[in-house]
Amino acid sequence: MTMKCILVEGPRRMRIEARAIPVPGAGEVRVRVRFAGICGSDLHIYHGDHPYVRFPRVIGHEFAGVIDATGPGIAESRIGERVAVSPVISCGDCASCRAGRPNVCLNLKVVGVHVEGGFAEYCCVRADLAHPVPDGVDDRAAATVEPFSIAANMLSRTGVLAQDAALVYGAGPIGMTVVQAFKGVHRVAPLVVADRLEERLARARESGADLTVNVAQEALPEVLAREGIAPSLIIDAACHPAILKEALEIAAPAGRIGLMGFNAAPSAVSQQVMNRKELTLCASRLNNRKFPEVIGWMADGRIDPARFISHTFPFTQVQDAFDLLESAPVSCSKILLDFTAA
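Residues numbered from 1 in each chain as written. Predicted model: local features only at pLDDT ≥ 70, side-chain atom pairs only at ≥ 80, totals over all residues. Heavy atoms only, no water.

Participant: Requested: an account of the overall build of the protein chain, with residues and values cited.
Facilitator: Looking only at helices and strands, the protein chain has 12 helices and 18 strands in total. A compact globule built from 342 residues would reach a C-alpha radius of gyration of about 20 Å, and the protein chain, at 20 Å, matches this within 12%. With the principal axes as the frame, the protein chain shows a C-alpha extent of 65 × 45 × 40 Å. Counting all 342 residues of the protein chain, 54% fall into the buried class. Once local pairs closer than 6 in sequence are excluded, the contacts in the protein chain between residues at least 24 apart make up 70%. A total accessible area of about 14700 Å² is found for the protein chain, and carbon and sulfur atoms account for 51% of it. Charge centroids of the protein chain, computed over 35 positive and 37 negative side chains, lie 4 Å from each other. (Helix = DSSP H or I, 4+ residues; strand = E, 2+ residues; numbered from the N terminus. Rg over C-alpha atoms; globule rule 2.2 N^0.38 Å. Buried < 20%, exposed > 50% of the residue type's maximum accessible area, 1.4 Å probe, protein only. Contact = heavy atoms within 4.5 Å. Areas by Shrake-Rupley, 256 points an atom, 1.4 Å probe, with all protein chains shown as cover. Lys, Arg positive; Asp, Glu negative; His and termini not counted. Charge placed at Lys NZ, Arg CZ, Asp CG, Glu CD.)

Participant: Describe the environment of V168, listing the residues and the values that go with them.
Facilitator: Mapped onto the elements of the fold, V168 is located in strand β11 (residues 166–169). Judged by its relative accessible area of 0%, V168 falls in the buried class. Separated by 79 residues in sequence, V168 and I89 place their C-alpha atoms 29 Å apart. With near-sequence residues (within four places) excluded, V168 lies in contact with G175, V178, V179, F182, L191, V192, V193, A194 and I235.

Participant: Give me the lowdown on the packing of aromatic side chains, citing residues and values where you can.
Facilitator: Throughout the structure, instances matching the rule amount to 3 aromatic pairs. Note on Y46 and F322: the rings are 5.5 Å apart at their centroids and 85° apart in plane angle, and the pair reads as edge-to-face. In this pair, Y46 is assigned in helix α1 (residues 40–47) and F322 in helix α12 (residues 318–327), connecting sequence segments 276 residues apart. For the ring pair F315 and F339, a centre distance of 4.5 Å and an interplane angle of 10° mean the geometry is stacked. One end of the pair, F315, is in the loop between β17 (309–314) and α12; the other, F339, is in the segment after β18 (334–338), and 24 residues separate them in sequence. Taking the relative accessible area as the measure of exposure, F315 reaches 4% and is therefore buried. (Phe/Tyr/Trp six-rings, centres within 6.5 Å; stacked < 30°, edge-to-face > 60°.)

Participant: Give me α1: which residues, what numbers.
Facilitator: Residues of α1 that are buried include every one of S41, D42, L43, I45 and Y46, and no others. Packed against the buried residues of α1 are β1 (2–10), β2 (13–20), β3 (28–38) and α12. Phi turns positive, to about 85°, at G48, one or two residues after α1.

Participant: Now, about unusual backbone geometry: what can you tell me, with residues and values included?
Facilitator: Trans is the prevailing form of peptide bonds, just as negative phi is the prevailing case for residues other than glycine. Here the bond from F55 into P56 is cis, since omega is -5°, no more than 30 degrees from zero. Residue placement: P56 occurs in the loop between α1 and β4 (57–58). In this structure, P190 follows A189 across a cis peptide bond, with omega equal to 0°. Residues other than glycine seldom take positive phi values, yet R12 does so here, at roughly 60°. In this structure, R12 sits in the loop between β1 and β2. For R12, a relative accessible area of 47% gives the class partly exposed.

Participant: I'd like a rundown of the sheet that holds β1, residues and numbers included.
Facilitator: Spatially, the 3 strands line up as an open sheet ordered β2-β1-β4, and their pairing is antiparallel. Looking at the sheet topology across the chains shown, the edges are occupied by β2 and β4. Inspection of the sheet shows β1 paired to β4 by 2 bridges, in the antiparallel sense. Bridge pairing links L7 to V58 in β4. (Pairing = 2+ DSSP bridges.)

Participant: Outline the side chain of H131, supporting the account with residue identities and numerical values.
Facilitator: Here H131 shows up in strand β10 (residues 130–132). The exposure class assigned to H131 is buried, which follows from its relative accessible area of 17%. Setting aside chain neighbours within four positions, we find H131 in contact with R82, V83, A84, S86, F291, P292 and I295.

Structure (structure tokens):
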């Protein structure tokens, strides 16, 4: 028996390949993939500028499906269970894992990066990474648990207070998960969203942003001063090196700033400003066991994945999906690949 998978052979070389259907090993389950999301990091892999990938690689770390087989040590009763798969593979033994931070495990591996991923009809994963999804959460929504878990992890690092005035830099896909979490889960007000693209700001307003600022047309510090808003919680989901310097200047005293990006370029940090205001900088990577929490958000209707998903392509049209994401990123939020019709 064979399956089809999406294989990146090297930079800008991607194809659909037939492979034997994998057999789950000890402690594993096999997931029949239904939907998978395309992430910006998948584009980096495709272009060959992802630092951790070794080619060839079946990519994909945002996916959901149904368990159709179990390996030794895993109860067969899990067969038929709808699941969303966390891509974070930790060792459980290093100092980070023992400190309760498996997402920064010293021996970290990520599904679809270090090991074969979910852009395939079937994928075997460690059983504890496959999180049950209730009937009220549909298959497409289940495939977005991973990106929403990034927002959940970031806000768990900064904390969210009832009195917070929040600012999100960037209304791209990850910024929009933060916006939904702020408004649907934490009920933050006011929530300001800054971006250079009006189309993205429109999506932010549709998701509940109280104020949007097009920074290509207005200076953000001036708008905030005019509105009398001093952000106590700032999330940088745009990740331009210049943002941190501005964020330090406009943050309220005792404010927190969350950093979500992997830009290698240095940012300017004034120790004087940091200390004068006693600001807190928080970095966030992947998710630290946030899947059950996010699945709960979806089940309770506190976030709306349908608002986050912009396009769905049959997985056989993956090249078209990548081309759209690259050529018209403003029109895209989350693009899903559909494996159900194969």
